[in-house]
Amino acid sequence: MVYYWLHLLYIFIGSKLFWKEVDLTSNQTRKRRVSILDCDTFRYMSNAKYAYYMDFIRFEKMFRSKLFDNTVKKGMYAVLGSQKIIYKKPLQMWSTFTITLILEGWDDKWVYHSQVFEQNNQVCAIGYTKAAFWKGKKAQDLEMIFKNCGVTINEMKISEEIQDIFNSDYQLLKNTTDILT
């Protein structure tokens, strides 16, 4: 966990002092190397580390765009509503890979991203996330947040394929709650 927070601090400092600002709607790619700390006993990147790298690139986008000033500094905080990862090919220790954050769209409450892990021009994994900004136990209006960040696109509809990934989340939670009670 210490590694996570130190890496997040590195991203924050780099974003504020050394790296140029980025557009909120543009794709963002970062090259990474699978370190020994990322691996399980079989010399491949642990499944949990994919989620770490997905967090890091989303936070980097927030820190490097106007999103940080228009949310966190105004008392809002980012909430991850759901995350799905599809694994195709393992990433071996010491190998390099890229992760690309792609904005898939948003509705009034949720913003949807895909994060694509690639190595040698092959997709190794894809993660999908659904996130919101909350303040006082209430999801904030994304259209207004994006407008304040300089986004000129009024709406970016989520494709049916992406929506289908998250459609059954609440039903699964309800079914599990029913089983436990």
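Residues numbered from 1 in each chain as written. Predicted model: local features only at pLDDT ≥ 70, side-chain atom pairs only at ≥ 80, totals over all residues. Heavy atoms only, no water.

Peer 1: So what about the side chain of Asn-70? Which residues, and what values?
Peer 2: For Asn-70, the position within the fold is in helix α3 (residues 67–70). Within the structure, Asn-70 has its side chain in polar contact with the side chain of Lys-74 (distance 3.4 Å). Asn-70 has contacts with Met-76, Asn-148 and Cys-149, leaving out every residue within four places of it along the chain. (Helix = DSSP H or I, 4+ residues; strand = E, 2+ residues; numbered from the N terminus. Polar contact = N/O pair within 3.5 Å; in protein donor to acceptor, adjacent residues only side chain to side chain. Contact = heavy atoms within 4.5 Å.)

Peer 1: Go over the pairing of strand β4 (residues 111–119) with me, naming the residues and quoting the values.
Peer 2: Look at any regular strand and the pattern is simple: side chains alternate between the two faces of the sheet. With eight of nine residues buried, β4 lies mostly within the body of the structure. Across eight bridges, the pairing between strand β3 (residues 96–106) and β4 is antiparallel. Directly across from Ile-99, in β4, lies its bridge partner Phe-117. By the bridge criterion, nine bridges tie β4 to strand β5 (residues 122–135) in an arrangement that is antiparallel. When the bridges of β5 are listed, Val-111 appears paired with Ala-131. Following β4, the chain reverses through two residues before pairing antiparallel with β5; Asn-120 in that reversal takes a positive phi of roughly 50 degrees. (Buried < 20%, exposed > 50% of the residue type's maximum accessible area, 1.4 Å probe, protein only. Pairing = 2+ DSSP bridges.)

Peer 1: Before we move on, can you summarise the state of the cysteines with the specific residues and values?
Peer 2: Here, the word disulfide means a covalent bond between the sulfur atoms of two cysteines. Tallied over the full model, the rule gives zero disulfides. Here Cys-39 stays free of any disulfide, with the sulfur of Cys-124 as its closest cysteine sulfur at 13 Å. Its relative accessible area of 17% is what places Cys-39 among the buried residues. In this structure Cys-124 comes out as buried when scored by relative accessible area, which is 0%. (Disulfide = S-S within 2.5 Å.)

Peer 1: Residue-level account of the environment of Ile-179, with values.
Peer 2: Turning to its location among the elements, Ile-179 is positioned in helix α6 (residues 169–180). By relative accessible area, which is 69% here, Ile-179 ends up exposed.

Peer 1: Break down the pattern of salt bridges for me, citing the residues and quoting the values.
Peer 2: Inspection of the entire model under this criterion finds six salt bridges. Linking Asp-55 and Arg-58 is a salt bridge whose minimum nitrogen-to-oxygen distance equals 2.4 Å. With a gap of three residues between them, Asp-55 and Arg-58 both fall in helix α2 (residues 47–64), about one helical turn apart. A salt bridge links Glu-155 to Lys-157; its shortest N-O distance comes to 3.5 Å. (Salt bridge = Lys/Arg side-chain N within 4 Å of Asp/Glu carboxyl O.)

Peer 1: Tell me about the pairing of β3, and please be specific about residues and values.
Peer 2: Bridging between strand β1 (residues 28–33) and β3 involves six bridges; their strand directions are antiparallel. Residue pairing for β3: Arg-30 is matched across the bridge by Ile-99. Turn length for the β3-β4 hairpin, with the two strands adjacent in sequence and antiparallel, is four residues.

Peer 1: I'd love a proper account of the packing of aromatic side chains, names of residues and values included.
Peer 2: Evaluated as defined, the whole model comprises 16 aromatic pairs. Consider the rings of Phe-63 and Phe-68, whose centres lie 5.5 Å apart with planes at 80 degrees: the pair is edge-to-face. By the burial criterion, Phe-63 is buried, and Phe-68 matches it. Where Trp-106 meets Phe-146, the ring centres are 4.5 Å apart and the plane angle is 85 degrees; that geometry is what we call edge-to-face. Of this pair, Trp-106 sits in strand β3 while Phe-146 sits in helix α4 (residues 142–148), and the two are 40 residues apart along the sequence. Each member of the pair Trp-106 and Phe-146 is classed as buried. Site record: aromatic cluster; members linked through ring pairs are Tyr-4, Trp-5, Tyr-50, Tyr-52, Tyr-53, Phe-56, Tyr-87, Phe-97 and Phe-117. When the ring centre of Trp-19 is taken as reference, the NZ or CZ atom of Arg-30 above it lies at 4.7 Å. Above the plane of the ring of Trp-110 lies Lys-130, whose end atom (NZ or CZ) is 4.7 Å from the centre. (Phe/Tyr/Trp six-rings, centres within 6.5 Å; stacked < 30°, edge-to-face > 60°. Lys NZ or Arg CZ within 6 Å of the ring centre and 35° of its normal.)

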